[in-house]
Amino acid sequence: MGEAKRRKTTLGETYGQETRILSWLPITKTQAEQFVTLTTRGAWIGIGLMVVGWAIIRFIGPAFGWWQVVS
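First, a word on scope: everything that follows refers to the structure included in this document. What you see is a predicted model, and the numbers here were worked out from it, not measured in a lab.

Some remarks on the overall build of the chain
- Counting its secondary structure elements, the chain contains 2 helices and 0 strands.
- Taken over C-alpha atoms, the radius of gyration comes to 26 Å for the chain, far larger than the 11 Å a tight globule of 71 residues would show.
- When the backbone C-alpha atoms are referred to their principal axes, the chain occupies close to 75 × 25 × 15 Å.
- Residues counted as buried form 3% of the 71 residues belonging to the chain.
- For the chain, the exposed surface amounts to about 6500 Å²; the carbon and sulfur share of it is 66%.
- Across the chain, the centroid of the 8 positively charged side chains sits 5 Å from that of the 4 negatively charged ones.

Written as C-alpha cells, this is what we have:
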C-alpha cells in the first residue's frame, strides 16, 4: 500500500490516467492499439471484397452471360 501512495503523490494529477503516445498529441496508447486493430480489420474486409468482386467479374458474370471475358 505504501508504494501506491508514493506513486500517487509523485504523479499527482496524472495518477491513474493512461499515458499518451506523445505529450502534445491527445491520443493514448489504448486508442492507438484500437486504431491499429480497426484498420487491420478494415484492410482484411477490403481484401475479401476485392476477391469477391474479382470472382464475380471473372467467373460469375460470364457464366450467367452478363458479359464475356476477353483474353
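Having seen the model, we can carry on.
Looking at the environment of Arg20
- Tracing the sequence through the fold places Arg20 in the loop between helix H1 (2-11) and helix H2 (29-63).
- A residue is classified by how much of its surface remains accessible, and Arg20, at 46% relative accessible area, is partly exposed.
- Residues Arg20 and Gln31, spaced 11 residues apart in sequence, show a C-alpha to C-alpha distance of 9.3 Å.
- Setting aside anything within four residues of it in sequence, one finds Arg20 in contact with Leu25, Pro26, Ile27 and Thr28.

Side note on a nonpolar patch on the surface
- Together, Val52, Trp54, Ile56, Ile57, Phe59, Ile60, Phe64, Trp66, Trp67 and Val69 make up an exposed nonpolar region whose accessible area comes to about 1000 Å².
- Mapping Val69 onto the fold places it in the segment after H2.

Cut-off values and rules
Residues numbered from 1 in each chain as written. Predicted model: local features only at pLDDT ≥ 70, side-chain atom pairs only at ≥ 80, totals over all residues. Heavy atoms only, no water. Helix = DSSP H or I, 4+ residues; strand = E, 2+ residues; numbered from the N terminus. Rg over C-alpha atoms; globule rule 2.2 N^0.38 Å. Buried < 20%, exposed > 50% of the residue type's maximum accessible area, 1.4 Å probe, protein only. Areas by Shrake-Rupley, 256 points an atom, 1.4 Å probe, with all protein chains shown as cover. Lys, Arg positive; Asp, Glu negative; His and termini not counted. Charge placed at Lys NZ, Arg CZ, Asp CG, Glu CD. Contact = heavy atoms within 4.5 Å. Patch = residues over 30% accessible without salt bridge, like charges linked within 9 Å, V, L, I, M, F, W, Y side chains within 5 Å. Salt bridge = Lys/Arg side-chain N within 4 Å of Asp/Glu carboxyl O.

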